[in-house]
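Observations on the model geometry
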Amino acid sequence: MPATQVNNERREFERFSARFPVKFKDSRQDYGSEVFLRDASAQGMRIVSKERFFLDDHLALEVELPDGKEPMVLSGEVKWVKLLNLSLWDIGIQFSDVHFLKMQRLFKLTETTTL
């Protein structure tokens, strides 16, 4: 029987690098003191946090963007968690809805900050 390869990549939308400071919605902590956005797509995002979360936890985050507008609010459910080191967690969050307009704003700002 031949071996089959399993493709773990289930993304429908391309992921792009997006490195912006984030804070938990309605928290008093400063942006980027506990959590950072690392990448995103129309269906989800990856953050790095000092706080540990668990599968199916619901998170609402405010992303501080350099366009002078209100912070972007993104929320979703934790789909995976990996320990990076003793004090940082890598967390994958899936949005409940696809956010094309929000991701367009985020992608545009990502392009301009990397030029």
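Rules used throughout
- Residues numbered from 1 in each chain as written.
- Predicted model: local features only at pLDDT ≥ 70, side-chain atom pairs only at ≥ 80, totals over all residues.
- Heavy atoms only, no water.
- Salt bridge = Lys/Arg side-chain N within 4 Å of Asp/Glu carboxyl O.
- Helix = DSSP H or I, 4+ residues; strand = E, 2+ residues; numbered from the N terminus.
- Buried < 20%, exposed > 50% of the residue type's maximum accessible area, 1.4 Å probe, protein only.
- Pairing = 2+ DSSP bridges.
- Core = buried A, V, L, I, M, F, W, Y, C linked by side-chain atoms within 4.5 Å.
- Contact = heavy atoms within 4.5 Å.

A few words now on the pattern of salt bridges. Once their charged atoms are close, side chains differing in charge can pair, the charge on each being opposite to the other. The tally for this structure, following the rule as stated, stands at five salt bridges. Residue arginine 46 pairs with aspartate 90 through a salt bridge whose shortest N-O separation is 2.9 Å. Pair noted here: arginine 46 is in strand E3 (residues 44–49) and aspartate 90 is in strand E6 (residues 88–95), with a separation of 44 residues, a long-range link. Across the pair, exposure class does not vary: arginine 46 and aspartate 90 are buried alike. Salt-bridge contacts for arginine 105 lead to aspartate 67; the nearest nitrogen and oxygen are separated by 2.8 Å. Placement of the pair is arginine 105 in helix H1 (residues 100–114) and aspartate 67 in the loop between strand E4 (58–63) and strand E5 (72–85), with a sequence separation of 38 residues. A residue is classified by how much of its surface remains accessible, and aspartate 67, at 25% relative accessible area, is partly exposed. Residues joined by salt bridges that share partners form a network here, namely Asp39, Arg46 and Asp90.

What follows deals with unusual backbone geometry. Comment: phi is negative for the bulk of residues other than glycine, and the bulk of peptide bonds are trans. One non-glycine residue with positive phi stands out, namely aspartate 56, at about 75°. Structurally, aspartate 56 is set in the loop between E3 and E4. On the accessibility criterion, aspartate 56 (52% relative accessible area) is exposed.

Mapped onto the secondary structure, phenylalanine 107 falls in helix H1. Classification of phenylalanine 107 as partly exposed rests on a relative accessible area of 37%. Expressed as a C-alpha distance, the spacing of phenylalanine 107 and serine 41, which sit 66 residues apart in the sequence, is 9.0 Å.

As a further point, take the pairing of E6. Side-chain direction in a regular strand flips from residue to residue, so the side chains alternate between the two faces of the sheet. Most of E6 is tucked away: six of the eight residues are buried. Relative to E6, E3 is paired through six bridges, and the arrangement is antiparallel. Bridging across to E6, glycine 44 finds its partner in glutamine 94. With eight bridges joining them, E5 and E6 adopt antiparallel strand pairing. Opposite valine 81, over in E6, you have isoleucine 91 as the bridge partner. Connecting the antiparallel pair E5 and E6 is a turn made up of two residues.

A separate point is the pairing of E5. One ladder, built from six bridges, connects E4 with E5; its direction is antiparallel. Counterpart to glutamate 62 in the pairing with E5 is valine 73.

Quick look at the nonpolar core now. Core analysis: the largest hydrophobic core is formed by 25 residues, its most contacted members being Phe20, Leu37, Met45, Ile47, Val63, Met103 and Leu106. Secondary-structure elements contributing two or more residues to this core are strand E1 (16–24), strand E2 (35–40), E3, E4, E5, E6 and H1.

Inspection of the secondary structure assignment puts phenylalanine 53 in the loop between E3 and E4. Classification of phenylalanine 53 by relative accessible area gives buried; the value is 11%. Spatially, the C-alpha atom of phenylalanine 53 lies 7.2 Å from that of valine 81, the residues being 28 residues apart in sequence. The contacts of phenylalanine 53, once residues within four sequence positions are left out, are Phe24, Leu59, Val78, Val81 and Ile91.

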